[in-house]
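Below are the chains, spelled out letter by letter.
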Amino acid sequence: MTGRLLLVCIVAALSAAGTAWCKISVRAVESWAQTLSSKLWDLSQICATNDLDGRQPVRSKSDSFKYFYAKEFKVDIKNDSLLAEDIAASIHDMTQLKLSAVRRIVNNAETLALRLYQDKQATENYTYYGTKAYDPSGKPLDFVKRLDCTPNKHFHGEAVNTSFSSVHIPTYIYHRAPKVLEAVEWTEDLDAVFKSNYELDPSLSWQYFCSGSGIMRQYPGVFMGDSEVDMFDCRMRLWYIDASLSPKDVIVLVDNSGSMTGISQKIARHLVNSILETLGSNDFVNVLTFNNSTDRLIKCARNVSLIQATLGNLRELKVAMKDLKGKGIANFSLALTEAFKLYNTSLQNNLGAHCNRAIMVITDGMPDIYEDIFDKYNWEADMRVRVFTYLIGKEQPEAHEMKSIACNNNGHFALLMTTSEAREKVIEYMPIMSQPLVLLGERPVSWTPVYADLADPNLTDLWVHRENKEQSDLLNFCYIPYQTDKETPKDVFKNCSENPELRRAEDATWISQVYQYVVSVSMPVLDVGKNKTKTAMIVGVAGTDIPVEDIKKLLLPHKVGVNGFVFMITNNGHVVIHPNWRPEFMGILKPNYNSVDLTEVEHVDDDSIVLGSSHPDIIKLRRAMIDQEYGKKNLQLKYHFDHMRRVSTVKRQYTHIGVKDTPYAIGIALPFPYGMHIARPLEDKLKILTTRRPARTFKDLIKQIWDFSQDRNWTVHPNWVYCKYHYDTVHDFSSSEEELQHFLEELMDAGKGFRCSPVFHLIPPEQMNSAPYPKLKMDSCYCDMDLFSSLIHDATETRFWSSTVKHDRIIRAYGEHLKEFGVSLMFLATQSGLTRWQLFKGNVESRNFKDSHTQTIDEVWYQQAVDLQDETGIFVYSVPFSKSLGYNSDALVTASYAVFTEDRKVPLAVVGYQFQHLKLFNEFVSITSKATGCAECTCSSNELTCYIIDNNGFVVASEAIGETGKFFGEVEGNVMNALVNEKVFRKVHIIDYQAICIHASEDTNRASFLTTPMQHLMKIFHWLIGTVVWLYAESCFWHKSWTNAAKETTTLSLGDAKINRTRLEPCIKEVDLYQLQSISYSNSKVISSSCCSEYVVVQKLFHSNLILVVVDTLCSDDIWTEVRITEMEVKDSNLFCLKVVNNELTQKQPKTCVGKGAKREMLQESRSAECGCNLQFQANFFLSLISLCLGVLRTTNF
């Protein structure tokens, strides 16, 4: 290294000696920066401070923007406490309205079910509207009617029928079984309450009832058509699981002895997967394998007694089941004792649900009933653990011991011979666990965590189900962001060669969402007749969805303000709403998408925090929120944005409060200092318009609003609620602008008056004193009056942006200046969500502005303009990120500037413009090619390279135009490191706990499999036997279970599915992002090297977020390096293991727990509970034998 350094210094010295007149000049750099800054500043004043009325721009820094947004505002301290209370109250009112609809369904369902027990008999030829008309083999389902459906925007464009409900029956349940028909027939009368609920509350989403037999009636009705594989079972949905079962702790014991191999092991894996799919996020679980010894299924959790049953954790347990290899002899005594010890440990450590408990034993035979163990640990210790036993592949006479264990411990026994029986056999334990609900008459209200609508939440690894899609290489595929309407996104992957403009899959932070997200509220429907004392079975569960988008409409973002946000979490600390929540990867749900913890999205700016830990202040904030406490906390945080390429640090004030009668809590994050105040117009123009007083002002406003409505160069925030009709399907608006214009016209209609209500959500009928409940009219509407008034104020006060005033004058006055930089568009965005612009001719790229820049305070250019504003006035410049396709000659530079109140406490708006990057490049080259002295180098020489880079280190301009939009470290890695060392930039370390990694699959062999003649014969034999079994099953002879047990292909196991050649896994990634530090405008920053006193010169461009960097190419004494901002996987880290062993992340259990505490004496169930003791073969023996033989053959390798 010393020799190389000496060589570099000699070369630099010889070069300097040979060209004594050429050297880097600090004075020249300052002059170039001054010239370029002045040109940009003059252009900015023309484009952003001129009011288009022909007045000359004001040059004074103190008042240059005073008249631009010429309104008088009253500035008040923002009452964040009251704001949090208002938002929490709105969410509470809305959720209680949905809950009242569910209560009505429950009451009606219990009455109808009681009538069923009196009538008993189902109609033989009863017909009904089904969600599907064909079984998986393509055979039409008899007596099933097809429902005519039309797209409905209230249900996200889904084709529905609001006159009827429809029925879904799981594929593996025979649709004409007597018990099935009974449930289908009596639930038809629920249509009346479904429709009544929808009339009372037009904002209501899907309503549904799921019976204990798996029959789901859904309103409005839908028809799915011919789906590929229908795996839906309503009993496996979160809302059913949580409502039908109180929180539970489950320990699964899996026999891993030498006899558990082949088909037995495969059945065991399916059983474990099915058990795990019946658990919700309020449940806890652990899986133990045993032979001569007992081990945790996942080694890193060996010191953890119980694991929370989140989707991410359940997936890890499912994946781990694939690694079992049976050996040794099963020691049942040791396994059962260990299970009870785990329960004792969980009690001592206050871990788990502490409500209901169960042990699930999966084996191919038990030699004893182990009465001494159960007496000691279960009954004498008063643990009240139910025991469920699953016998694999044995005949009934050999099952006595396992039946006795289940019956003596209030459990259930099941016999399995094929994998296709696993789900239905597992579901049989759920009614047993729900017996206390019926016996006590309890109807607890259940609220789910967030989950994706129309997707099976237990099959979140949707990519692994594309086993038959021959993907050459996942990284060569692209993502098409668009909306789908089925469970599995269709055609998400397309080859990049087909369309090179598509977004590459490597952008893992892209937040375009394919799915709709909901939370659900549900209640159990109980057997209220005399029969309940005999069977103690729940009739089913009723519920409705609450779209997350509906909750977001209540968060008052216009009052929270720019760079502030509202978030919501569950009692488990998991995110429901947060701007940094990223549930999808390339349009596919992440396995742990609904268990992202608050600590994973909020990061204190403290580099001492180690991987897997969180700052104590974040832990305290989380603890207070899950306890639904009110409080405040100030934190200094770091956060990434713009697809994890930019970073900022900010001080925020957090205010949090619980949402009454729900397990949710909300928090408001406000930035210091500008988020602490709020500005309101002194004149309430909406009040003038509604009261028509004073008359003269009213007439002026009518004209101004009319002029505004006739203009076409404006948009409003598409996600904000200004005014809406309760019946949103009656009035069809193509855009938010058309909808707003309609209400403006209603407002201007002097004869009718404005009749919209300020109330977002109705009051539940049960809370109304008046009777009857007032029915909404079809033209009933509501408005956010504060937001609507603010928008009217902005629309009238920015009328100089109207196209009628237009840009002829500005072109005449400043045409040459605009042409010099190729200005294509000027824009204005306000805090009320209004965006207006002026478009100049001949610039095609800017014509798309209205399609991609409509979200005002949520736009990056708006947020940065406010965040970086200072006393001198800052224009924030940005260019598109570099693409692999090379430089785009039509690329535009976006410049934005934040307009504050006169006291600079509150940001009111952002103004800006777009101009051609090619023009900026030409100006940059021209200016930096001029020498200020005879012995000075310029950027056109070989000795110097020059760059303009922004506040996050991205190249805005350089001598090589292809470097535009690249991160500076990719171009000049050594220089970037020097800028960090000299504190020009700060390196901010970001850990991404929501990352997805692409790993090589274990099956990486690209060669085709060669089949022998014997294998061909075996395939023919499999097909023949399968066909015979299917035909035999369809004949229904000796058909007692009414399940299609032979159709093993309909059970899609998560553990068996995989993607070819690659595997996507949740992981932890890290990345270093960069933030410009405060440097002086007046003095250049000079960085030396070992060879030169002036290696790099940095000069800030005044009134901007840009710096000019000039590098002497002969002075670097290091080997060239590249600095990237690409996320890298943290090696030897496992997200599951880090979270499972993290004792900081506590949970708060739901208030309702049936089967625990003082009421225990009411639950003295017989030890010979209904548990399968009188078991008879439910499946035909001959059919089961053939299925078993077929399964053995399939596991044979030839």
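The rules we used
- Residue numbering note: each chain is counted from 1, following its sequence as written.
- For this predicted model, a pLDDT threshold of at least 70 governs which residues receive local features, and a threshold of 80 or more governs which side-chain atom pairs are given and counted, while totals over whole chains, interfaces and linings are taken from all residues.
- For the side-chain quantities, the full set of heavy atoms in the structure was used; hydrogens and water were omitted.
- A run of H or I in DSSP becomes a helix once it reaches four residues, and a run of E becomes a strand once it reaches two; helices and strands are each numbered from the N terminus.
- Each residue is placed in one exposure class: buried if its accessible area under a 1.4 Å probe, protein chains only, is under 20% of its type's maximum, exposed if it is over 50%, and partly exposed if it falls in between.
- Note on contacts: a residue pair is in contact if any heavy atoms of the two residues lie within 4.5 Å.
- Throughout, a disulfide means two cysteine sulfur atoms within 2.5 Å of one another.
- In this analysis an axis means a line fitted to C-alpha atoms, helices contributing only their contacting stretch, and an angle means the value between N-to-C directions, from 0 to 180 degrees.
- Oblique is the label for any angle not under 35 degrees, not over 145, and not in the 65 to 115 range, which are roughly parallel, roughly antiparallel and roughly perpendicular in turn.
- Residue types Ala, Val, Leu, Ile, Met, Phe, Trp, Tyr and Cys, when buried and joined through side-chain atoms within 4.5 Å, form a set referred to as a nonpolar core.
- Salt bridge, as used here: a side-chain nitrogen of Lys or Arg that lies within 4 Å of a carboxyl oxygen of Asp or Glu.
- When the centres of two rings from Phe, Tyr and Trp lie within 6.5 Å, Trp using its six-membered ring, the rings pair. Their planes under 30 degrees apart give stacked, over 60 give edge-to-face, and anything left gives tilted.
- Two limits define a charge over a ring: the Lys NZ or Arg CZ must be within 6 Å of the ring centre, and within 35 degrees of the ring normal.
- Pairing between strands is defined by DSSP: at least two bridges between them are needed.

Draft legend 1. A look at the overall build of the protein. A tally of regular secondary structure across the protein gives 31 helices and 47 strands. The buried share of the protein, taken over its 1198 residues, is 58%. Restricting to contacts in the protein with at least 6 residues of sequence separation, those with at least 24 account for 76%.

Draft legend 2. Quick look at the state of the cysteines. Applying the stated criterion across every chain yields a total of eight disulfides. Cysteine 210 shares a disulfide with cysteine 234; S-S distance 2.0 Å. Negative torsions about the S-S bond denote left-handed disulfides, and the value of about 65° found for cysteine 210 with cysteine 234 makes this one right-handed. Taken together, the residues cysteine 210 in strand β7 (residues 207–211) and cysteine 234 in the loop between β8 (216–219) and α6 (238–244) connect sequence positions 24 residues apart. Exposure class is identical for cysteine 210 and cysteine 234. Each is buried. The disulfide partner of cysteine 997 is cysteine 1067, and the S-S distance across this bridge is 1.9 Å. Where cysteine 997 bonds to cysteine 1067 through sulfur, the torsion about that S-S bond is close to 85°, and the disulfide is right-handed. A residue pair is termed long-range when its members are at least 10 positions apart, and cysteine 997 in strand β42 (residues 985–1000) and cysteine 1067 in strand β43 (residues 1062–1076) qualify at 70 residues. Accessibility assignment for this pair places cysteine 997 and cysteine 1067 in one class, buried.

Draft legend 3. How the structure looks around the packing of helix α21 (residues 736–748) against helix α22 (residues 785–797). Running from amino to carboxyl end, α21 crosses α22 at an angle of 85°, the nearest separation of the two axes being 13 Å. Relative to α22, the element α21 lies roughly perpendicular. Counted together, Leu740, Phe743, Leu744 and Leu747 of α21 and Phe788, Leu791 and Ile792 of α22 form the full contact between these two elements.

Draft legend 4. Seen up close, the nonpolar core. Core analysis: the biggest nonpolar cluster contains 155 residues, and Tyr390 and Tyr429 have the highest contact counts within it. Examining the composition of this core, we find that 15 residues originate from one element, helix α3 (residues 80–119), more than from any other. Leave out the neighbours within four places in its chain, and tyrosine 390 touches Leu271, Ile275, Met360, Val361, Ile362, Thr363, Met402, Ala414, Leu416, Lys425, Val426 and Tyr429. By size, the runner-up hydrophobic cluster in this structure holds 48 residues, among which are Val29, Ala33, Phe915 and Leu920.

Draft legend 5. Here's a closer look at the side chain of threonine 310. Locating threonine 310 in the fold gives a position in the loop between β12 (307–308) and α8 (311–320). By relative accessible area, threonine 310 is classed as buried at 5%. Once you skip the residues sitting within four places of it in the chain, threonine 310 turns out to touch His574 and Ser595.

Draft legend 6. A look at unusual backbone geometry. The peptide bond linking phenylalanine 672 to proline 673 adopts the cis configuration, its omega dihedral lying at -5°. Relative to the helices and strands, proline 673 resides in the loop between β30 (665–671) and β31 (677–681). Of the consecutive residues arginine 693 and proline 694, the connecting peptide bond is found in the cis state with omega at -10°. Here the phi dihedral of leucine 556 falls at roughly 50°; this positive angle occurs in a residue that is not glycine. Within the secondary structure, leucine 556 sits in the loop between α16 (548–552) and α17 (557–560). Taking the relative accessible area as the measure of exposure, leucine 556 reaches 14% and is therefore buried. You will see that methionine 586, though not glycine, has its phi angle at about 55°, which is positive. For methionine 586, the location among the structural elements is in the loop between β25 (584–585) and β26 (588–589).

Draft legend 7. Local environment of the pattern of salt bridges. Tallied over the entire structure, the rule returns 36 salt bridges. Glutamate 923 is the partner of lysine 39 in a salt bridge, and the nearest nitrogen-oxygen pair spans 3.9 Å. Within this pair, whereas lysine 39 is found in helix α2 (residues 26–49), its partner glutamate 923 is found in helix α26 (residues 917–928), the two being separated by 884 residues in sequence. According to the relative accessible area criterion, lysine 39 is partly exposed, its value standing at 28%. Among the salt bridges present, the one from aspartate 642 reaches arginine 646, with a minimum N-O distance of 3.2 Å. You'll find aspartate 642 and arginine 646 in the same group, each marked buried. A single salt-bridge network, built from bridges that share partners, covers Lys39, Glu820 and Glu923.

Draft legend 8. Structural detail: the packing of aromatic side chains. All chains considered together, the criterion is met by 37 aromatic pairs. Aromatic side chains tryptophan 186 and phenylalanine 209 sit 5.6 Å apart centroid to centroid with 65° between the ring planes, which places their arrangement in the edge-to-face category. Placement of the pair is tryptophan 186 in helix α4 (residues 178–186) and phenylalanine 209 in strand β7, with a sequence separation of 23 residues. Given a relative accessible area of 0%, phenylalanine 209 falls into the buried group. With a centroid separation of 6.4 Å and 70° between ring planes, the pair formed by tryptophan 239 and tyrosine 240 is classed as edge-to-face. Comparing tryptophan 239 with tyrosine 240 shows no difference in burial state: the two are buried. A cation over a ring is seen here: arginine 652 above tyrosine 639, with NZ or CZ 4.9 Å from the ring centre. Positioned above the aromatic ring of phenylalanine 900, the side-chain terminus of arginine 904 is 5.2 Å from the ring centre.

Draft legend 9. Structural context of the sheet that holds strand β32 (residues 714–716). Strand order in the open sheet made by the six strands is β32-β36-β35-β39-β38-β37, with antiparallel pairing throughout. Looking at the sheet topology across the chains shown, the edges are occupied by β32 and β37 (875–878). On average, each strand axis in the sheet is inclined to that of its neighbour by 20°, with strand direction left out of account. Examined bridge by bridge, strand β38 (residues 892–900) and strand β39 (residues 907–916) share nine bridges and lie antiparallel to one another.

Draft legend 10. Quick peek at the sheet that holds strand β28 (residues 631–641). On the basis of which strands lie adjacent, the open sheet formed by six strands has the order β24-β23-β30-β29-β28-β27 and antiparallel pairing. At either end of the open sheet lies a strand with only one pairing partner, and these are β24 (575–577) and β27 (603–604). Bridging between β28 and strand β29 (residues 646–658) involves 11 bridges; their strand directions are antiparallel. Among the inter-strand pairings, leucine 635 is bridged to a residue of β29, identified as arginine 652. Strands in contact with helix α18 (residues 616–626) are β23 (565–569), β27, β28, β29 and β30; relative to β28, the strand with the most contacts, it is inclined by about 120°.

Draft legend 11. Structural context of the pairing of β7. With five of its five residues buried, β7 lies for the most part within the structure. Where β7 lies against β8, four bridges are found, and the strand directions are antiparallel. Pairing of phenylalanine 209 across the sheet is with arginine 217, part of β8. Examined bridge by bridge, β7 and strand β22 (residues 538–547) share five bridges and lie antiparallel to one another. Residue pairing across strands places serine 211 opposite glycine 540, the latter belonging to β22.

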